[in-house]
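Chain residues, written in single-letter form:
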Amino acid sequence: MLRPRRGRPAVSPRPYTLPSACIPLDDESLPSLVARNADRYGFKDPMLIVERLGLHKQSLPALASERPPGDKAAALATLLGVDEGTLEGMSNWGRSPNMATVGAHEIRPRHLHAGLRRSCPLCLQDSLHHRSFWNISAVQHCTVHGLALPVRCPGCGHPPSWRGKRLDRCGNPGCDHDLTAWSGPPSEPAPEYALGLHALYRDGPSATLPGCGLPLARAAEAALAIGCFALNQGKMGRPDSFLREHGELAHDAMIKGWEALTDWPHGLHRVLDGLRSRAGERGWRFGMRREFGGLHRWLYDAAAEPWAAQLKKGFADYLAGQPDLRASAAALKRFGSPDALRNRHMTANDAAEYLGVAPETMAELATREKLHLLPPSGAGTPTLLRADLVHALKQKKQGTLMKQEAEAILGVGRPTLGQLLEDGVLSTLPPDQRVTHQRILRRDEVEELVVRVVAAVVPARQGTQLVSFSGAMAGRRGASTLIQAILKGRVVPRGTAPKRKGIGSLLFNSREVEAALAPGRATLSLVEAAQRMGLEIDSVRAWAAEGFLGTAASDSAFERGTRVTEDGIASFSAEYITSSEIGKETGTSGRWAAERLDFQGHPPLASASTTKLYRRADISPAVLTRLQERKSAGRAASASAAFDLAREVADAVASELGVDLQRAWNGFSDGDGKVYLQAVAGRRQRYSSKYAFRFSGHMRERLERAQTGMLALALVEDRSFILLPWAAAKQLVPAGGRYRETIYVDADARGAVADERLAAAQRWLLGR
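Treat the numbers as computed from the prediction; the structure is a model and nothing was measured.

Asks: How would you explain the packing of aromatic side chains if you had to name every residue and give the values?
Replies: Enumeration according to the criterion identifies nine aromatic pairs in this entry. Between Phe 548 and Tyr 576 the ring centres are 5.6 Å apart and the planes differ by 85 degrees, which places this aromatic pair in the edge-to-face class. Residue Phe 548 is found in the loop between α26 (537-546) and β13 (563-564), and its partner Tyr 576 is found in strand β14 (residues 576-578); the two are separated by 28 residues along the sequence. Aromatic side chains Phe 572 and Tyr 576 sit 5.4 Å apart centroid to centroid with 40 degrees between the ring planes, which places their arrangement in the tilted category. For Tyr 576, a relative accessible area of 7% translates into the label buried. Through pairs of rings, three or more aromatic residues link up here, namely Trp 543, Phe 548, Phe 572 and Tyr 576. The ring of Tyr 354 carries Lys 394 above its face, with NZ or CZ at 4.2 Å from the centroid. In this structure, Arg 663 packs its charged tip against the face of Phe 643, placed 3.6 Å from the ring centre.

Asks: Just give me the short version of the confidence of the model for the chain, but keep the residues and values in it.
Replies: Averaged over the chain, the pLDDT score is 82; the fraction of residues at 70 or greater is 88%. Per-residue pLDDT stays below 50 along residues 1-9; that stretch engages in seven contacts with residues further than four places along the chain or on separate chains. Segment residues 633-637: pLDDT under 50, and eight contacts once partners within four positions in sequence are set aside and those in other chains are kept.

Asks: Account for helix α27 (residues 566-575), with residues named and values stated.
Replies: Within α27 the residues assigned to the buried category are Gly 568, Ile 569 and Phe 572. Within α27, the buried residues cover an arc of 100 degrees as seen down the axis, which keeps them to one side. Turned more than 90 degrees off the buried face of α27, the exposed positions are Asp 567 and Ala 574. Where α27 is buried, its residues contact β12 (524-525), α25 (526-533), α26, β13, β14 and β15 (613-615).

Asks: Residues and numbers for the packing of helix α28 (residues 579-586) against helix α29 (residues 590-599), please.
Replies: Pairs of packed helices are described in terms of their axes, by the angle between the two and the distance that separates them. The contact between α28 and α29 brings their axes to 7 Å, and the two run at 95 degrees. Taken together, the axis directions place α28 and α29 in an arrangement best described as roughly perpendicular. Each of Ser 579, Ser 580, Ile 582 and Gly 583 in α28 lies in contact with α29, whose residues at this interface are Gly 590, Ala 593, Ala 594 and Leu 597.

Asks: Which residues make up the environment of Thr 562, and what values do they have?
Replies: Residue placement: Thr 562 occurs in the loop between α26 and β13. Judged by relative accessible area, which is 42%, Thr 562 ranks as partly exposed. Remark: the alpha-carbon pair of Thr 562 and Ala 552, spanning ten residues in sequence, is separated by 7.2 Å. Apart from the residues lying within four places of it in its own chain, the contact partners of Thr 562 are Leu 524, Ser 525, Leu 526 and Thr 551.

Asks: Please give an account of the pattern of salt bridges that cites residues and values.
Replies: Evaluated as defined, the whole model comprises 22 salt bridges. A salt bridge links Glu 221 to Arg 218; the shortest N-O distance between them is 3.3 Å. One end of the pair, Glu 221, and the other, Arg 218, are both in helix α7 (residues 216-230), three residues apart, so they sit about a helical turn from each other. Of the residues examined, Glu 221 reaches a relative accessible area of 12% and is grouped as buried. Classification of Arg 218 by relative accessible area gives buried; the value is 13%. Two residues, Asp 651 and Arg 647, come together in a salt bridge whose shortest N-O distance is 2.9 Å. Separated by four residues within a single helix, Asp 651 and Arg 647 lie in helix α31 (residues 639-657), roughly one turn from each other.

What counts as what
- All residue numbers here refer to positions counted from 1 along the written sequence of the relevant chain.
- In view of the model being predicted, local features appear only for residues whose pLDDT reaches at least 70, and side-chain atom pairs are presented and counted only at 80 or more, with totals across whole chains, interfaces and linings using the full set of residues.
- For the side-chain quantities, the full set of heavy atoms in the structure was used; hydrogens and water were omitted.
- Two aromatic rings, drawn from Phe, Tyr or Trp (for Trp, its six-membered ring), form a pair once their centres lie within 6.5 Å of each other, and the interplanar angle then sorts them: stacked below 30 degrees, edge-to-face above 60, tilted otherwise.
- Strands are runs of DSSP state E lasting at least 2 residues, helices are runs of H or I lasting at least 4, and numbering of each runs from the N terminus.
- Exposure classes here rest on a 1.4 Å probe applied to the protein chains alone. A residue is buried below 20% of its type maximum, exposed above 50%, and partly exposed in between.
- Note on criteria: charge over ring means Lys NZ or Arg CZ within 6 Å of the ring centre, with the direction from the centre no more than 35 degrees off the ring normal.
- pLDDT expresses, on a scale from 0 to 100, how confident the predictor is about each individual residue.
- For this analysis, residues touch if any pair of their heavy atoms sits within 4.5 Å.
- The directions considered for the arc are those from the helix axis to the C-beta atoms.
- For helices, the axis comes from a line fit to the C-alpha atoms of the stretch in contact; other axes are also lines fit to C-alpha atoms, and the angle between any two N-to-C directions lies between 0 and 180 degrees.
- Our angle categories are set so that under 35 degrees counts as roughly parallel, over 145 as roughly antiparallel, 65 to 115 as roughly perpendicular, and the remainder as oblique.
- Here, a salt bridge means any Lys or Arg side-chain nitrogen found within 4 Å of an Asp or Glu carboxyl oxygen.

This is the structure in structure tokens:
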């Protein structure tokens, strides 16, 4: 074997071929070919011939059972001088982990004697090689000479192994028995099952047994199982161990089972008749196990695979012809064909379990539906029912629904289902047609309704806002009304929700639904009234509760709760005006308008609403004009407007003093610097009537240095100013340093200063 050097990756074995490899013989197994080549080249151990391939540490049976890893299989084929396809056919390598092959036929590994070197001595005399067909454990005899294939060496008494290099000698230690020696009685014809299996083997993997349609491996498996049950040998364990340890019994079982498979299905029925005839010996009082001793269980386990379909059908046909055979619910579920169920019996408890109802309900159903084959006698005998009628009742029950099941299919709740039943969209079964009292709906009707409404879906354009089924029923619109509109084409669903089912998954365009199903209404809800008036709902609800907005009552099912009429809205708008409306007319916000109106002596009406409410008669055009002027003045109080107003104040003071004042720094002074006027513009604050004036330390220094210092406080919004000598103004100005301080002055709505001392010094500018 090539060993990789340390630190380097392993090197794949280099393919090579034996100089004069043995040619594979007909039906030869892989261990046989390896052993013959080892004998030709004088190897003591046959596995040494594959040493360079790294396969010599396993046994010959393992080499034939497990595919070599990687490319070693191709290297082995090259070594033996055969192609890979031929090597596959000689080995037992399976195509899946749970399967093996023999001559390209798939077979379970437990049905192979791959580790035993069974052989026919006369065949070895004809040609010294091992046949692959001998590996099938069910094959007990040679198909050519009829001799039994020994599982133990006649010389040492141990199972013949693959040790040693010679195929004509026993390879067990200490034994060199000649396996070609034969001194027994003359050979007899091979049994039919061995010949039949060999015919299937010879015809290839696609060959099947006529009648039952079983391939080679499945035919051997089924024949052994059926034969063992026919001989009351239900527990056999692993097939290969059973065949090795109980050769005679296995031979008889294969004969019985092969007869059942070749005369299909009558042979199987004869086996079943024999099993039933010995039912009293099994110790069970009733049931399939008492009748068939476990064969039915083997058939049930195998029925899941396609190859066992004919076995299941043959067993079901037999059961259908046995009127005295009592069936359980499990048997009824496994054989659901009406033909197989005809004239079969069930106990009342089995029927109740099968139908999924209580025993009391089953007793009522048996009487009402006339299911009794053997009515209750009260003497302790079981009540028997006709299984075919029970099965028909099960089919009838599956065609009905309870309300909860219908709600799940429709994808709706109980109220919606109640509407559909009340309006006749869905119908209920008459009482005499119901299997149980709870199953009142027809399944096909419910499913058809779902199919019809879902089929009406026409997808909407991408980006369209859609609402759910419950959202489309807003405004107390009935579910049945919406569904009937869908069925008539008046409303078109526009999609389905991915996580919902049935009708509940539908999506709609709310505008389309509203246009198609909007009922005629004489009143509006408070929400609709708020939308119509352009106001928030909380204020409208408060005015309705306080009596400002008139409400009306309606008897319509679509007009419940507090309602408002169009006339009520018109009367409200004629008598009252809101702060929002005032704000729009004056070009400002409703909040600003409410604050200014309150300041000017026009308080709102007492209400819990957020939007303030006034009587329209109290808010005259003059009041609105005043608000507009105040708003315009406020807008004008920008930096440039304040700068211009200061110039006007300086001109008025200059005219009053008879001097010429020119702008100097942030104030005004005459040419000699004797008179200095500091003009400060101020505005009203938002939430009070006070004017705010910003005064700095630099202004104080200028006024202190001047011979005649004067301070003018200009009220921007009222176009007036307060003129004070600096000596008197010192008391008004906060004692601060170099930083700005604020002077507050109270004034009423007309701009008149509240302080009497300051009011005497207030002057009014022209154009006010």
